[in-house]
Amino acid sequence: MEGFLDIIAGNLLNPVILAFVLGIGAGLARAELSIPSAISKAMSIYLMFAIGLKGGIAVANSPFSMSLILALVAGAVLSFLVPFIANAFLQFTTRVDGTNRAAIAAHYGSISIVTFVTATEMLRMSGLTSEGFMVAVAALMETPAIMTGIWLANRGHGGAQSNSGLSKELVREVFLNASVVVLVGAFVIGLISTPEASQKVQPFFTDIFQGVLCIFLLDMGLIAAARLRGVKILSPAVIAFGLYMPVVGAVLGGVAGWLIGLSAGGTVLLATLSASASYIAVPAAMRLAIPKANPAISLTLSLAITFPFNVIIGIPVYLAVVRWLYGV
Amino acid sequence: MEGFLDIIAGNLLNPVILAFVLGIGAGLARAELSIPSAISKAMSIYLMFAIGLKGGIAVANSPFSMSLILALVAGAVLSFLVPFIANAFLQFTTRVDGTNRAAIAAHYGSISIVTFVTATEMLRMSGLTSEGFMVAVAALMETPAIMTGIWLANRGHGGAQSNSGLSKELVREVFLNASVVVLVGAFVIGLISTPEASQKVQPFFTDIFQGVLCIFLLDMGLIAAARLRGVKILSPAVIAFGLYMPVVGAVLGGVAGWLIGLSAGGTVLLATLSASASYIAVPAAMRLAIPKANPAISLTLSLAITFPFNVIIGIPVYLAVVRWLYGV
Amino acid sequence: MEGFLDIIAGNLLNPVILAFVLGIGAGLARAELSIPSAISKAMSIYLMFAIGLKGGIAVANSPFSMSLILALVAGAVLSFLVPFIANAFLQFTTRVDGTNRAAIAAHYGSISIVTFVTATEMLRMSGLTSEGFMVAVAALMETPAIMTGIWLANRGHGGAQSNSGLSKELVREVFLNASVVVLVGAFVIGLISTPEASQKVQPFFTDIFQGVLCIFLLDMGLIAAARLRGVKILSPAVIAFGLYMPVVGAVLGGVAGWLIGLSAGGTVLLATLSASASYIAVPAAMRLAIPKANPAISLTLSLAITFPFNVIIGIPVYLAVVRWLYGV
Amino acid sequence: MDVHPKKKIEVMVETPIVNKVIGIMRDCGATGVSVLPVLRGEGHTGDWSDKDLGGAIDMQMVMVITGPRRAAQIRDQVFAALADYRAMILLSDVEVIRNEHF
Amino acid sequence: MDVHPKKKIEVMVETPIVNKVIGIMRDCGATGVSVLPVLRGEGHTGDWSDKDLGGAIDMQMVMVITGPRRAAQIRDQVFAALADYRAMILLSDVEVIRNEHF
Amino acid sequence: MDVHPKKKIEVMVETPIVNKVIGIMRDCGATGVSVLPVLRGEGHTGDWSDKDLGGAIDMQMVMVITGPRRAAQIRDQVFAALADYRAMILLSDVEVIRNEHF
Ligand SMILES: Nc1ncnc2c1ncn2[C@@H]1O[C@H](COP(=O)(O)O)[C@@H](O)[C@H]1O
Ligand SMILES: Nc1ncnc2c1ncn2[C@@H]1O[C@H](COP(=O)(O)O)[C@@H](O)[C@H]1O
Ligand SMILES: Nc1ncnc2c1ncn2[C@@H]1O[C@H](COP(=O)(O)O)[C@@H](O)[C@H]1O
Ligand code: NA
Ligand code: NA
Ligand code: NA
């Protein structure tokens with residue numbers, strides 16, 4: 001048990017996580033610190049490109065394995081199904097109306113790529129490896145949850161809640177949002193580039209990666225803290241949902257990973273993906289698909305409650321539990 | 001011949017080029033992806049500074065040679081003369097009026113520094129070296145074409161087409177635009193800095209250079225695709241001009257490089273410079289010098305037709321042809 | 001003496017300093033070059049984070065020493081007292097009114113972190129080391145001068161000059177401005193992170209540091225030159241103050257460093273801190289605390305006169321003098 | 001020089017909907033439209049700022065200059081389309097020089 | 001569709017004071033406010049641009065739409081509070097659709 | 001508090017020409033001017049956005065507040081100078097507090 005807590009503490013004494021804590025602290029103290037939004041957006045594209053590229057290179061270098069297909073299927077199923085579970089929890093424990101429940105549920109079925117990246121860094125710190133294709137799983141999981149969310153919103157309302165006049169923009173937002181395009185695009189680039197050519201871009205995409213992540217999480221802390229100031233729109237039951245839902249997701253993801261025979265590292269990543277909630281792609285899609293839903297509710301929950309929970313507490317715990325179960 | 005195609009394909013399976021293709025694809029599919037313009041501008045300054053610095057350091061480390069002078073003269077002559085050729089082609093194959101012909105001609109006499117940078121990367125990939133002073137040639141070639149363009153616009157109009165009331169701003173735009181200042185400034189810095197001091201900035205300006213170029217070309221792809229959507233203002237004959245004119249320029253540049261005795265690598269670079277068309281410095285200068293010209297025409301042609309052509313097809317071909325002719 | 005000038009020249013033939021000179025030159029020539037402000041702000045946060053982190057790691061790796069406490073006390077005292085001296089000089093040599101004198105004095109008691117960073121780079125170039133805790137001293141010196149400035153403004157005016165209705169925002173601007181938060185935050189992160197974890201972020205925060213500083217100083221040169229164009233609001237006596245006050249500050253800082261037994265490198269840094277004048281944190285605080293003061297006066301003086309003086313002439317001289325006195 | 005009275009319509013609306021608003025304006029016959037940035041805001045639905053990563057709660061200002069008849073049409077159609085969204089529609093009087101341009 | 005006359009107040013003011021201005025507007029009962037960027041300017045006190053690092057001499061535009069009575073109150077209180085600062089207060093007429101929103 | 005009627009002139013114009021427009025306004029006696037960003041637009045000459053690298057087809061908004069006489073002068077001179085450029089000149093009424101400032 002002591003070893004368990006030690007591992008968790010060790011994971012936290014890390015510039016990447018501490019920068020996030022600094023950002024939250026500075027944001028809550030209303031410090032005069034902010035990172036220009038152009039920089040936040042650029043860092044987010046950089047991180048997605050780097051992780052996609054790395055995944056593609058890894059897959060190119062490893063023999064094709066059935067696990068890739070199994071992991072993709074598992075990811076898609078989780079993304080489709082988790083929103084139903086989230087919706088049920090919200091229905092029975094909170095007073096959130098059906099439209100907002102559908103929107104929140106979509107966020108939790110989908111994923112947060114920064115949470116995923118943080119988990120891969122924590123893995124690397126503890127010396128675990130993981131399957132290179134997990135980034136493809138991450139990209140795939142962005143989207144199915146949005147469809148479940150839309151279906152939940154329309155069910156029993158004759159479609160009145162969702163906005164069908166916007167289909168073209170919505171399709172683009174769902175399948176061609178920045179996260180999906182950059183992750184999948186960079187993955188394919190890593191897959192097909194010659195090894196010598198890939199080698200040349202390593203200093204930018206690999207060597208300085210963790211430093212950029214550090215500044216990005218400082219910024220995420222500031223953004224989450226700003227959102228946290230509007231937390232009064234969330235009832236205690238909704239806040240509680242933002243704290244236990246990731247654990248539910250992690251358990252489902254972890255079991256799925258175990259069932260399909262992922263490595264310990266891959267299982268941690270699938271658990272983390274399932275535990276994480278979107279705050280970039282899904283909110284924008286929900287504005288187009290379910291405009292009646294209040295974006296402040298789902299965004300605050302996902303960004304200010306679940307994201308910090310996963311980064312500071314969740315991932316170290318998922319990691320420690322999987323290591324204990326797998327005996328690695 | 002097979003080797004020829006292989007070389008071209010090998011040059012393309014490269015994150016830098018593939019990122020450009022990704023950008024074009026995402027842009028044409030109207031994906032929800034964009035890189036903040038502050039970042040594009042900063043990357044463009046970074047690339048120019050890095051390439052200028054590198055050139056200056058290279059020249060500082062090599063004995064002074066007559067080729068430097070010859071190459072500068074050749075570059076200036078090409079920049080001055082190519083607009084006349086471009087203008088003639090446009091006059092006899094398209095219906096573009098004289099004012100717009102003059103503006104387009106200026107773009108093609110001048111250069112695109114990103115095309116140049118891409119060519120240096122492809123050289124490096126194929127193991128060829130080139131003269132360090134080529135970046136000085138690039139900087140020099142930015143400007144003379146603008147003067148030919150203005151002269152072409154004024155000829156036979158008693159100066160009515162060009163705007164003489166703006167001379168001070170125009171002079172600044174022509175001689176002190178960002179490209180010229182950063183390229184020349186960084187070149188001089190590289191030339192006079194002590195080797196130990198220059199060494200200290202290498203990780204930033206050399207090691208991560210190709211990775212930054214990768215993201216920059218992703219962005220260029222998005223920007224070119226956005227321009228490409230407005231391509232309907234170009235007639236088929238004008239589009240054709242955007243495809244053969246770079247080849248004409250490359251032949252002229254390649255012959256000039258051969259005449260003055262450049263290395264194979266240097267010849268490829270001079271061909272590429274001559275083949276490339278400006279989309280940063282010249283458009284802004286043209287707004288001041290020839291306001292009646294429609295910027296959408298020349299910018300679309302240079303950015304959406306000629307730039308992708310050079311990056312994806314042109315440079316690999318120029319490189320393969322020069323290697324074949326020089327037997328390297 | 002020759003060796004003395006050689007050292008100074010050697011310090012200047014450095015991409016970092018030359019980039020600053022390029023920026024000033026381009027700015028004065030009104031070149032069409034500018035770096036987007038989002039990038040300037042991001043680079044400034046990056047530099048502060050990197051230097052704070054480095055200091056924290058250095059302190060974590062060295063045995064606790066009494067010098068740390070002494071240096072903090074010396075820094076705080078300098079920051080408190082220098083404004084009185086600055087105010088006296090201004091009172092007896094210029095016609096600046098009391099309110100503006102108070103504001104200017106606060107700028108000179110506080111520090112410029114970029115000047116500090118430039119000095120650490122010059123130290124490194126000359127092979128000198130310095131105490132890791134100097135960055136904590138820098139962070140501490142940001143603030144006390146602001147209080148002296150406010151006190152000076154209120155003295156004899158019954159508080160009418162300063163604005164007490166804004167206390168909450170002012171307190172935030174004084175104690176929680178970006179510089180203090182990032183410097184102190186990163187310092188603490190460096191202090192408590194595990195060595196392996198800190199190691200992972202080195203490529204970003206150490207390897208590319210000098211290259212980023214290079215571009216940042218290019219930008220600072222452009223900004224300083226833009227300010228310099230408004231220099232006509234400063235009388236010759238005020239401009240002279242901007243040139244001798246840093247020397248006065250450097251002497252005080254150098255003597256203090258010698259008294260408390262700092263290393264030669266540490267003494268140079270304390271002299272530089274004391275010599276430097278704020279142009280980020282203090283101007284914003286002064287708008288809240290002493291609104292009647294004209295920000296253009298103090299900002300032009302600090303940014304366009306004292307900052308270039310310190311970077312180009314001051315630091316090499318402080319360094320050369322300390323080396324000569326310490327015999328290193 | 002003659003000036004011609006026109007209407008300026010400013011629609012401050014969530015960023016994901018901006019293209020839809022522009023489409024309605026063009027369908028109503030607007031000859032041009034411009035988009036201006038907004039940094040942050042406060043209102044009945046709370047605060048927002050352009051810092052939020054995905055742009056889902058950002059707002060931008062779509063501005064169109066047009067004649068009074070078309071302005072009324074744009075106003076009504078945009079208002080109908082934005083019923084479910086955070087939006088603010090402002091109308092005001094401006095004068096332009098080139099009547100035929102609008 | 002009915003439109004309702006309102007006042008638009010635009011306060012261009014130094015960035016460090018923007019929050020103070022918003023506070024006064026909210027205290028006067030404004031139901032919402034928006035902040036718009038300004039790139040640079042020239043005036044009696046010289047030039048400024050958003051390039052200066054600390055933001056001490058930057059300016060932003062605070063915009064509020066409200067009824068005429070409240071507008072006069074906001075105008076007077078903001079004017080009094082900004083006596084020492086660089087600021088420009090503009091009032092103009094606009095029409096809105098949702099009267100109850102303002 | 002007294003307010004004074006002024007004219008607001010907004011000139012949306014290609015970025016490379018902004019300094020020229022400001023120069024004309026200052027020459028006509030404007031006591032100050034501000035430049036606001038515009039993100040993108042659509043018009044007779046096609047679409048543009050601030051993403052294009054060299055800024056050659058970007059636009060910005062130059063805004064000046066001044067008395068009616070000087071406003072007419074600025075309007076006419078700016079219009080004459082911009083004949084060859086993409087530009088949009090808008091005039092509207094505003095009220096200010098400090099009459100002497102403008
Ligand atoms: N009266 C107002 N004046 C200026 N901006 C407003 C006003 N009301 C709303 N807004 C803007 O519109 C956004 C959404 O408003 P609301 O729907 O009231 O939350 C706010 O965050 C402001 O940016
Ligand atoms: N007449 C004006 N028209 C437009 N903007 C103005 C005007 N006067 C002042 N400003 C803006 O307000 C800032 C401060 O003005 P001032 O207090 O006159 O220096 C200027 O830099 C401009 O950005
Ligand atoms: N009626 C309009 N309303 C708003 N903005 C316009 C209008 N007409 C033109 N613009 C702006 O001015 C730019 C140039 O217009 P044009 O000269 O018609 O191509 C457009 O891209 C828009 O940004
Ligand atoms: Na999830
Ligand atoms: Na060319
Ligand atoms: Na000082």
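Keep in mind the model is a prediction, meaning the values are calculated, not measured. (Residues numbered from 1 in each chain as written. Chains lettered and ligands numbered in written order. Predicted model: local features only at pLDDT ≥ 70, side-chain atom pairs only at ≥ 80, totals over all residues. Heavy atoms only, no water.)

Side note on the site of ligand 2
Around ligand 2, the surrounding shell holds 19 residues, and the nearest of these are H44, T45 and W48 of chain E together with S34 and H101 of chain F. Flanking ligand 2 are residues from chains E and F. Contact between ligand 2 and E42 of chain E: an oxygen atom at 3.2 Å from a main-chain N or O atom of the residue. Within the backbone of H44 of chain E, an N or O atom sits 2.8 Å from an oxygen atom of ligand 2. Starting from 480 Å² of accessible surface for ligand 2 in isolation, the protein chains cover 98%. Looking at the shell around ligand 2, its residues break down into 9 nonpolar, 8 polar and 2 charged. (Near = heavy atom within 4 Å. Polar contact = N/O pair within 3.5 Å; in protein donor to acceptor, adjacent residues only side chain to side chain. Areas by Shrake-Rupley, 256 points an atom, 1.4 Å probe, with all protein chains shown as cover. Nonpolar A, V, L, I, M, F, W, Y, C, P; charged D, E, K, R; others polar.)

Describing the environment of T120 of chain C
Residue and element names in this part refer to chain C. On the secondary structure map, T120 appears in helix α6 (residues 113-125). On the accessibility criterion, T120 (11% relative accessible area) is buried. With residues near it in sequence (within four places) discarded, T120 still touches I51 and L269. Here the side chain of T120 touches V117 through a polar contact of 2.6 Å, landing on its backbone oxygen. (Helix = DSSP H or I, 4+ residues; strand = E, 2+ residues; numbered from the N terminus. Buried < 20%, exposed > 50% of the residue type's maximum accessible area, 1.4 Å probe, protein only. Contact = heavy atoms within 4.5 Å.)

Let's talk about the interface of chain F and chain E
Each side of the interface is counted separately: chain F has 25 residues, and chain E has 21 residues. Of the roughly 2100 Å² buried between chain F and chain E, counting both surfaces, carbon and sulfur atoms make up 59%. Area buried by chain F at its contact with chain E is led by M1, E95 and I97 of chain F, which between them contribute 24% of it. Joining chain F to chain E, the criterion identifies 2 salt bridges. Two residues, R26 of chain F and E42 of chain E, come together in a salt bridge whose shortest N-O distance is 2.6 Å. Counting the contacts that link chain F with chain E gives 9 residue pairs in polar contact (both at pLDDT 80 or more). Secondary-structure elements contributing two or more residues to the side of chain F that touches chain E are α1 (18-27), β2 (33-37), β5 (59-66) and β6 (87-96) of chain F. Here the side of chain F that touches chain E gets 5 residues from one element, more than from any other, and that element is β2 of chain F. (Buried area = accessible area lost by both parts, 1.4 Å probe. Salt bridge = Lys/Arg side-chain N within 4 Å of Asp/Glu carboxyl O.)

Side note on the packing of helix α7 (residues 134-141) of chain B against helix α10 (residues 178-192) of chain B
Residue and element names in this part refer to chain B. As a packed pair, α7 and α10 sit with axes 9 Å apart at the nearest point and diverge in direction by 155 degrees. With respect to α10, the axis of α7 lies roughly antiparallel. By crossing handedness, the relation of α7 to α10 is classed as left-handed. Here V135, A136 and A139 of α7 come into contact with α10, specifically with V180, L183, V184 and F187. Partitioned by chemical class, the residues of the contact of α7 with α10 number 7 nonpolar, no polar and no charged. (Axes fitted to C-alpha atoms, helices over the stretch in contact; angles between N-to-C directions. Parallel < 35°, antiparallel > 145°, perpendicular 65-115°, else oblique. Left-handed = near helix turned anticlockwise from the far one by under 90°.)

Examining the environment of A9 of chain B
Topologically, A9 of chain B is positioned in helix α1 (residues 2-12). Separated by 304 residues in sequence, A9 of chain B and I313 of chain B place their C-alpha atoms 9.8 Å apart.

Regarding the confidence of the model for chain A
Here chain A averages 91 in pLDDT, and 95% of its residues register 70 or above. Here helix α1 (residues 2-12) of chain A stands out as the least confident element of chain A, with mean pLDDT 71; helix α15 (residues 264-275) of chain A is the most confident, with 98. (pLDDT = per-residue confidence, 0-100.)

As for the interface of chain C and chain A
With 27 residues of chain C at the interface, the matching set in chain A holds 27 residues. Buried surface at the junction of chain C and chain A, summed over both partners, amounts to about 2300 Å²; 80% is from carbon and sulfur atoms. For chain C, the biggest contributors to the area lost against chain A are R172, K200 and F204 of chain C; these three give 23% of the whole. Our enumeration of links across chain C and chain A arrives at 1 salt bridge. The closest approach of N and O atoms between E32 of chain A and R172 of chain C, which form a salt bridge, is 4.0 Å. Mapped by element, the contributors of at least two residues to the side of chain C that touches chain A are α3 (37-61), α9 (167-175), α10 (178-192), α11 (195-200) and α12 (202-207) of chain C. At 7 residues, α10 of chain C tops the list of elements feeding residues into the side of chain C that touches chain A. The residue inventory of the side of chain C that touches chain A, partitioned by class, reads 18 nonpolar, 5 polar and 4 charged.

A closer look at the relation of the copies chain F and chain E
For the pair chain F and chain E, the relating rotation is 120 degrees, the translation along its axis is 0.0 Å, and the fit reaches an RMSD of 0.0 Å. What we have between these two chains is a three-fold relation. Within chain F, P37 of chain F has its C-alpha nearest the rotation axis, a separation of 4.1 Å. Of the interface residues in chain F, just 4% have counterparts in chain E that sit at the interface too, so the contact is made through distinct surfaces. (Least-squares fit on C-alpha atoms with pLDDT ≥ 70 in both.)

Examining the site of ligand 1
Neighbouring residues of ligand 1: 19 residues in total, closest H44, T45 and W48 of chain D together with S34 and I65 of chain E. More than one chain approaches ligand 1, the contributing ones being chains D and E. Between ligand 1 and W48 of chain D, the relevant distance is 2.9 Å, taken from an oxygen atom to a side-chain nitrogen or oxygen of the residue. Measuring from a nitrogen atom of ligand 1, one finds a backbone N or O atom of G32 of chain E at 3.3 Å. Alone, ligand 1 offers 480 Å² of accessible surface; in the complex the protein occludes 98% of this. Only β3 (40-43) of chain D together with β2 (33-37) and β5 (59-66) of chain E provide two or more residues apiece to the shell around ligand 1. Considered class by class, the residues forming the shell around ligand 1 number 9 nonpolar, 8 polar and 2 charged.

Concerning the relation of the copies chain C and chain A
Each copy of the sequence occupies a distinct position, and chain C is placed on chain A by a rotation of 120 degrees and an axial shift of 0.0 Å, giving an RMSD of 0.0 Å. A distinct binding surface is used by each copy, with only 11% of the interface residues of chain C retained as interface residues in chain A.

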